[in-house]
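# Observations on the model geometry
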2 protein chains.
Amino acid sequence: MDGSQVLELSSTQYETVYNLLSLAIASLGFTGLYLVLSQRRVLPRYRNAVVVSAMVVFIATYHYVRIFTNFKESYQTDAQGGQGVYKLTNIVFNEGYRYVDWLLTVPLLLVETVAVLALAASVQKSLLAKLVPASALMIALGYPGEISADTGTRLLWGTLSTIPFLYILYVLFVELTASIERQPQDVKGTISKLRLMLIGLWGVYPIAYLFPVLGFDGSNAFVLKQAGYTFADIFAKAAFGLVIFKIARLKSQYDDPTFAALDSHDDVAAEPGTGSRAARV
Amino acid sequence: MDGSQVLELSSTQYETVYNLLSLAIASLGFTGLYLVLSQRRVLPRYRNAVVVSAMVVFIATYHYVRIFTNFKESYQTDAQGGQGVYKLTNIVFNEGYRYVDWLLTVPLLLVETVAVLALAASVQKSLLAKLVPASALMIALGYPGEISADTGTRLLWGTLSTIPFLYILYVLFVELTASIERQPQDVKGTISKLRLMLIGLWGVYPIAYLFPVLGFDGSNAFVLKQAGYTFADIFAKAAFGLVIFKIARLKSQYDDPTFAALDSHDDVAAEPGTGSRAARV
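Let me sum up the structure you'll find in this document. Values in this document were obtained by computation on a predicted structure and should not be read as measured data. (Residues numbered from 1 in each chain as written. Chains lettered and ligands numbered in written order. Predicted model: local features only at pLDDT ≥ 70, side-chain atom pairs only at ≥ 80, totals over all residues. Heavy atoms only, no water.)

Residue and element names in this part refer to chain B. On the secondary structure map, Ser 179 appears in helix H5 (residues 151-182). What makes Ser 179 buried here is its relative accessible area of 0%. Not counting chain neighbours up to four residues away, the residues in contact with Ser 179 comprise Leu 117, Leu 119 and Ile 191. (Helix = DSSP H or I, 4+ residues; strand = E, 2+ residues; numbered from the N terminus. Buried < 20%, exposed > 50% of the residue type's maximum accessible area, 1.4 Å probe, protein only. Contact = heavy atoms within 4.5 Å.)

Between chain A and chain B, which share one sequence, the superposing operator has a rotation angle of 74° and an axial displacement of 0.3 Å; the RMSD is 0.1 Å. Each copy turns onto its partner about a five-fold axis. Comparing interface residues between copies, only 2% of those in chain A also sit at the interface in chain B, which points to a heterologous contact through distinct surfaces. (Least-squares fit on C-alpha atoms with pLDDT ≥ 70 in both.)

On to the sheet that holds strand S1 (residues 8-9) of chain B. All names here are of chain B. Judged by pairing direction, the sheet is antiparallel, and its three strands sit side by side in the order S1-S3-S2 without closing on themselves. The two strands at the open ends of the sheet, each matched to only one other strand, are S1 and strand S2 (75-76). In terms of strand pairing, S2 meets strand S3 (residues 86-88) through two bridges, oriented antiparallel. By the bridge assignment, Gln 76 is partnered in S3 with Lys 87. (Pairing = 2+ DSSP bridges.)

Let us look at the pattern of salt bridges. Under the definition given, this model contains 18 salt bridges over all chains. A salt bridge links Asp233(B) to Arg98(B), with the nearest nitrogen and oxygen atoms 3.7 Å apart. Within this pair, whereas Asp233(B) is found in helix H8 (residues 218-255), its partner Arg98(B) is found in helix H3 (residues 96-117), the two being separated by 135 residues in sequence. Neither Asp233(B) nor Arg98(B) differs from the other in exposure class; each is buried. Because the salt bridges share partners, they merge into one network encompassing Glu95(A), Arg98(A), Asp101(A), Glu146(A), Arg154(A), Lys225(A), Asp233(A) and Lys237(A). (Salt bridge = Lys/Arg side-chain N within 4 Å of Asp/Glu carboxyl O.)

Bringing the sheet that holds strand S2 (residues 75-76) of chain A into the picture now. Strand pairs in the sheet, formed through backbone hydrogen bonds, run parallel or antiparallel to each other. One open sheet accounts for three strands, arranged S1-S3-S2 (chain A); its pairing is antiparallel. One side of each edge strand has no neighbouring strand; the edge strands of this open sheet are strand S1 (8-9) and S2 of chain A.

Moving on to the nonpolar core. Judged by nonpolar contacts, the single largest core of 165 residues is most densely connected at Phe71(A), Trp202(A), Tyr75(B) and Trp202(B). Among the elements that take part in this core, helix H2 (residues 44-74) of chain B stands out by supplying 17 residues, more than any other. (Core = buried A, V, L, I, M, F, W, Y, C linked by side-chain atoms within 4.5 Å.)

Another point: the interface of chain A and chain B. Counting residues at the interface gives 41 residues for chain A, matched by 44 residues for chain B. Counting each side, the surface lost to burial between chain A and chain B is near 3400 Å², with a carbon and sulfur contribution of 54%. Summed over the shared surface of chain A and chain B, the number is zero salt bridges. There are ten residue pairs in polar contact (both at pLDDT 80 or more) connecting chain A and chain B. Secondary structure elements with two or more residues in the side of chain A that touches chain B: helix H1 (11-38), helix H2 (44-74) and helix H10 (275-278) of chain A. (Buried area = accessible area lost by both parts, 1.4 Å probe. Polar contact = N/O pair within 3.5 Å; in protein donor to acceptor, adjacent residues only side chain to side chain.)

Written out as structure tokens, the structure is:
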């Protein structure tokens, strides 16, 4: 029951959303393939973080394929070359895809983050026991506001959803900050970057959510919201996954320098015989 | 809002573009599969260059599948057996796909080129910090001209886009030339070929961009432009990726002759025992 749908888009608005959705499919999908193909470049103990990162971007790819197809069906024009007004057809433009995606991917993003920190198993478990239910609550509370045409309803549910959102960021920020102390020197900078990415990128979602109540007219608010969610998903999932991969590489290098040397150009001259060990990796 | 779309294509023109787009899907897609399946034939330190090359052609394959489907929807005829005039339908023929593709693949082409040269990590980083933003600028500046029906607008944005384009070619040419000195003897010729490919193939893009203002009529210019972009993509991505793979093989051979001997016909007779080690790779 989505009363917030906009009735018309201009051809520029249509093409902007259309190209952004396709950009998301390509960036998310091939980041996933890259992570899967590169998992052997990290030590076995970090591979789960990399594979879970790949699952996150693959799940998002699936949903963007659905959203892209759905968008093309929901908005259509009769004008030649598509250079006219795009009208909402009899097909609902389903914002539910995004919420289902987040319900699956946000807990997994938390799992990959906690996994790459290589905390003790008991600490991982207690962290995830706090974060995962909070993330489910955050997403479930956002949805009724997302599909409402009423500003008050949108703000009410948005505010409720912000409570678990801030709780998650607080717990993660505190935990990442505490963990930086315990990390090898080379990894500290990258984990610090991960902490900033979390705050900066996750912060885009509530802003995008608020575009429809920030004074933009219906179709502009729609385009800004779709663009905000799409860029946030690309960076918070694909770019974030690549940073997780980088941390896993740096920690592999720290844990086992001979493993990393195989994969480094800097050591080519110094360790000519390492190629044979590669066969066993 | 793409005002540069042509309204009609002859059946010959339609079939030419249609077959070229399908050729691109096949050449790009299976080059990627070949690279993925062959990555173990290079030393671990060169595998990232090969995997990134595979990602480039896979991303391009995705976009050619979209372009092919889009083209079939955008131009249609009522004539039996398709032997009539193809008219532009109500579906925009979206040149945005090519620009989104380039936005993702050109930086990755730069990454694979720099990766296979095996420069020190700090040099790689500083090179990419110059080249990647320049490539994004080059592509972003080209797009407004691409979708404009106005010759002056096309030339203006085309000229602006040429500035970062020439900068990238200059930096890469200088860097490749400098790197040739440091490469093993057997690799020098291939890197020199890579340098020529960059200049020669990347030069096709601006020529294709200019077809619509070079005095060809609308539909001929459209076909020439699509053919130019498509051939340039096939050679600058698929053929280029295979040359990257060849360089990675030659350098693996140089770094670790025993690794390379497993994969060479020349040494089979000379080293009868090596076959068994191959089984472990």
